[in-house]
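Remarks on the overall topology
One letter stands for each residue in the lines below.
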Amino acid sequence: MKKVPNILTVFRLFLVPIFIWAYFRNAVIGGAVFILACATDVVDGFIARKFDAVTKFGMLVDPLADKMMQISAVVCLYISGILPQWIVTILVMKELIMIISASFLVKKDVVIPATKIGKGSTVLLSVMVVYFMMFGRAGGRVNEIISAVLGIVAFFVLISYLLLMIKNLVKKNEGQQ
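Now for a quick tour of the structure. The numbering scheme is per chain: residues are counted from 1 as the chain's sequence reads. The model is predicted, so local features are restricted to residues of pLDDT at least 70 and side-chain atom pairs to those at 80 or more, both for listing and for counting; the totals for chains, interfaces and linings are taken over all residues. Values shown for side chains rest on all heavy atoms present in the structure; no hydrogens or waters enter the calculation.

**Structural notes on the pattern of salt bridges**
Only one rule defines a salt bridge in this text: a Lys or Arg side-chain nitrogen within 4 Å of an Asp or Glu carboxyl oxygen. Tallied over the entire structure, the rule returns seven salt bridges. Note that Arg12 and Asp41 form a salt bridge whose closest N and O atoms lie 3.4 Å from each other. With a gap of 29 residues between them, Arg12 in helix H1 (residues 4-25) and Asp41 in helix H2 (residues 27-50) connect regions that are remote in the sequence. In this structure, Asp62 and Arg12 form a salt bridge, with 2.3 Å as the shortest nitrogen-oxygen distance. Pair noted here: Asp62 is in helix H3 (residues 56-79) and Arg12 is in helix H1, with a separation of 50 residues, a long-range link. Residue Asp62 shares its accessibility class with Arg12, and that shared class is buried. Where salt bridges share partners, they join Arg12, Asp41, Asp44, Asp62 and Asp66 into one cluster. Helix and strand assignments follow DSSP, with helices taken as H or I runs no shorter than four residues and strands as E runs no shorter than two, numbered in order from the N terminus. For each residue, the accessible area found with a 1.4 Å probe, counting protein chains only, is set against the maximum for its type, and the residue is called buried under 20%, exposed over 50%, and partly exposed in between.

The following block contains the structure:
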């Protein structure tokens, strides 16, 4: 049981190119692949915590798999003309900053724990991505409002993450002195 979370994480990595391929063939099928990836994320996290199967591999690769799927989804929605460039820029920058900083921090043995804000924003992003895949081609004012909310939330989550990262780095440095 201890290997299941990591297997699901690797499976989720393999779903990224499958999602992209499926999305451009049929957005509903792409949406189903995206939902499957979200479900495996929930399941692997539950199993890892429930059965004390948290590993360094999982702590690094699980968020990477999530971010790769999220970046792929918003870029696909941009290419399809559903999301505006400014939203995609904010979302991709947020995800890339989090990936790069996590790889830097893991070398310093600093782990940024998942927060309720981060988990909430991931759920919100996932719901909005599925909404746009299913109904986004209709366009209109609702899409504009949802896009704006998504961009604002992503910006504030990034700020929250950066503040938490600074706090944990300071705490780590104080512990070394």
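**Some thoughts on the environment of Gly58**
Here Gly58 lies in helix H3. Residue contacts are defined here by distance: any two heavy atoms, one from each residue, within 4.5 Å place the two residues in contact. Apart from the residues within four sequence positions on either side, Gly58 is in contact with Asn6 and Pro63.

**Thoughts on H3**
Each helix should span, by expectation, one fewer than its residue count multiplied by 1.5 Å. For H3, spanning 24 residues, the distance from its first C-alpha to its last is 35 Å, which sits close to the expected 34 Å at 1.5 Å a residue. Looking one or two residues past H3, Gly81 carries a phi angle of roughly 80°, positive in sign.

**Notes on the packing of aromatic side chains**
Working definition: rings of Phe, Tyr and Trp (its six-membered ring) pair if their centres are within 6.5 Å, and the pair is stacked with planes under 30 degrees apart, edge-to-face with planes over 60 apart, and tilted otherwise. Overall, the coordinates contain six aromatic pairs when judged by the stated rule. Aromatic side chains Phe19 and Phe34 sit 6.0 Å apart centroid to centroid with 55° between the ring planes, which places their arrangement in the tilted category. Within this pair, whereas Phe19 is found in helix H1, its partner Phe34 is found in helix H2, the two being separated by 15 residues in sequence. Since its relative accessible area comes to 0%, Phe19 is described here as buried. Phe34 gets classed as buried once you look at its relative accessible area, which sits at 1%. Both rings, one in Tyr131 and one in Phe132, keep their centres 5.3 Å apart while their planes meet at 65°; by these two values the pair is edge-to-face. Residue classification places Tyr131 among the partly exposed residues on the basis of a relative accessible area of 24%. One aromatic cluster in this structure is built from Phe19, Tyr23, Phe24 and Phe34.

**Regarding the packing of H2 against helix H5 (residues 116-135)**
With their axes 8 Å apart at the nearest point, H2 and H5 run at an angle of 160° to one another. Relative to H5, the element H2 lies roughly antiparallel. Considering only the axes of H2 and H5, their crossing is left-handed. Here Ala27, Val28, Gly30, Gly31, Phe34, Ile35, Cys38 and Arg49 of H2 come into contact with H5, specifically with Lys119, Ser126, Val129, Val130, Met133 and Met134. The class makeup of the residues in the contact of H2 with H5 is nine nonpolar, three polar and two charged. Working convention: axes come from line fits to C-alpha atoms, limited for helices to the stretch in contact. Angles between N-to-C directions cover 0 to 180 degrees. Small angles under 35 degrees read as roughly parallel and large ones over 145 as roughly antiparallel, with 65 to 115 read as roughly perpendicular and the rest as oblique. Crossings are classed by handedness, with left-handed meaning an anticlockwise turn of the near helix from the far one by less than a right angle and right-handed meaning a clockwise turn. Three categories are distinguished: nonpolar for Ala, Val, Leu, Ile, Met, Phe, Trp, Tyr, Cys and Pro, charged for Asp, Glu, Lys and Arg, and polar for the others, with Gly belonging to the last.

**Things to note about the packing of H2 against H3**
Their axes nearest at 11 Å, the elements H2 and H3 cross at an angle of 160°. One way to sum up the angle between H2 and H3 is to call them roughly antiparallel. Taken as a pair, H2 and H3 cross one another with a handedness that is left-handed. The residues of H3 that touch H2, namely those facing Phe34, Ala37, Asp41 and Asp44, are Asp62, Asp66, Met69 and Ala73. In terms of residue class, the contact of H2 with H3 is made up of four nonpolar, no polar and four charged.

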